[in-house]
Amino acid sequence: FVIDMNIFIAERPCLPLIHADMSSDELWKVAEEVGGELIESPHEGRYLAFDSAVFAAKSRRGGKALAGALPLDEVPALSKIAGRLEQVANTLTEALGLGMFGIDILLDRQRKDVFHLIDLNLRLAFDGTDDMLALSALHLFQECQQRAVRVDIRSAVNNPQEVVDLMI
């Protein structure tokens, strides 16, 4: 999660290891394990479809509690990629013009210094720390203030010179 250039990490459960050469029976076992289904198409190949929210809830009931979101610098397992995650966050913040969004990444199982960006969420849904929730609330408050000022200025002026006069 990125909130005003603060990066928070929330660990989520990982799917079992899946190989391209697995048999249909093996893939059906994985599908059952994650509460999904195997879709086999003669033209498109094989797909494992599942609801990630159901999978995460099932994982929590399995005894492994998922930690809430933590600041990036408090997650030592990501120290090798922290700089690149910050670079991705900066690039997306600038490109999107947003100060708050979420990204989903997958860590490579063999190389812990490699990650794959798989999803961008413009609306956050998370279990955060008090600091993260406070930053989110502050960000939203400031965004509302800025939008209100823009609306006030637009409704109060009829030409660009009036905007300049207001600013002086």
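Described below are features of the structure shown in this document. (Residues numbered from 1 in each chain as written. Predicted model: local features only at pLDDT ≥ 70, side-chain atom pairs only at ≥ 80, totals over all residues. Heavy atoms only, no water.)

With respect to the overall build of the protein chain
- A count of helical and extended segments in the protein chain gives 5 helices and 7 strands.
- When its helices and strands are written in sequence order, the protein chain yields β-β-α-β-β-α-β-α-β-β-α-α. (Helix = DSSP H or I, 4+ residues; strand = E, 2+ residues; numbered from the N terminus.)

Some points on a nonpolar patch on the surface
- On the surface, a nonpolar cluster with roughly 310 Å² of combined accessible area is contributed by Leu96, Leu98, Leu120 and Leu122.
- For leucine 96, a relative accessible area of 35% puts it in the partly exposed group. (Patch = residues over 30% accessible without salt bridge, like charges linked within 9 Å, V, L, I, M, F, W, Y side chains within 5 Å. Areas by Shrake-Rupley, 256 points an atom, 1.4 Å probe, with all protein chains shown as cover. Salt bridge = Lys/Arg side-chain N within 4 Å of Asp/Glu carboxyl O. Buried < 20%, exposed > 50% of the residue type's maximum accessible area, 1.4 Å probe, protein only.)

Observations concerning the pairing of strand E3 (residues 37-41)
- With 5 bridges joining them, E3 and strand E4 (residues 45-49) adopt antiparallel strand pairing. Note on E4: the bridge partner recorded for glutamate 40 is arginine 46.
- Between E3 and E4, which pair antiparallel and follow one another directly, the connecting turn spans 3 residues. (Pairing = 2+ DSSP bridges.)

Brief notes about the sheet that holds strand E2 (residues 6-9)
- Spatially, E5-E2-E1-E6-E7 is the arrangement adopted by the 5 strands of the open sheet, whose pairing is antiparallel. Each of the sheet's edge strands pairs with one partner strand only, and the pair in question is strand E5 (70-71) and strand E7 (115-121).
- The sheet contact formed by strand E1 (residues 2-3) and strand E6 (residues 100-107) spans 2 bridges and is antiparallel. Looking across to E6, one finds that isoleucine 3 is bridged to methionine 100.

Some words on helix H1 (residues 24-34)
- Restricting attention to buried positions, one finds in H1 the residues Leu27, Val30, Ala31 and Val34. Down the axis of H1, the smallest arc covering the buried residues is 100 degrees, so these residues share one side. Exposed and facing more than 90 degrees away from the buried side of H1 are Asp25, Lys29 and Glu32.
- Of the residues trailing H1, glycine 35 is marked for its positive phi of about 70 degrees. (Arc of directions from axis to C-beta.)

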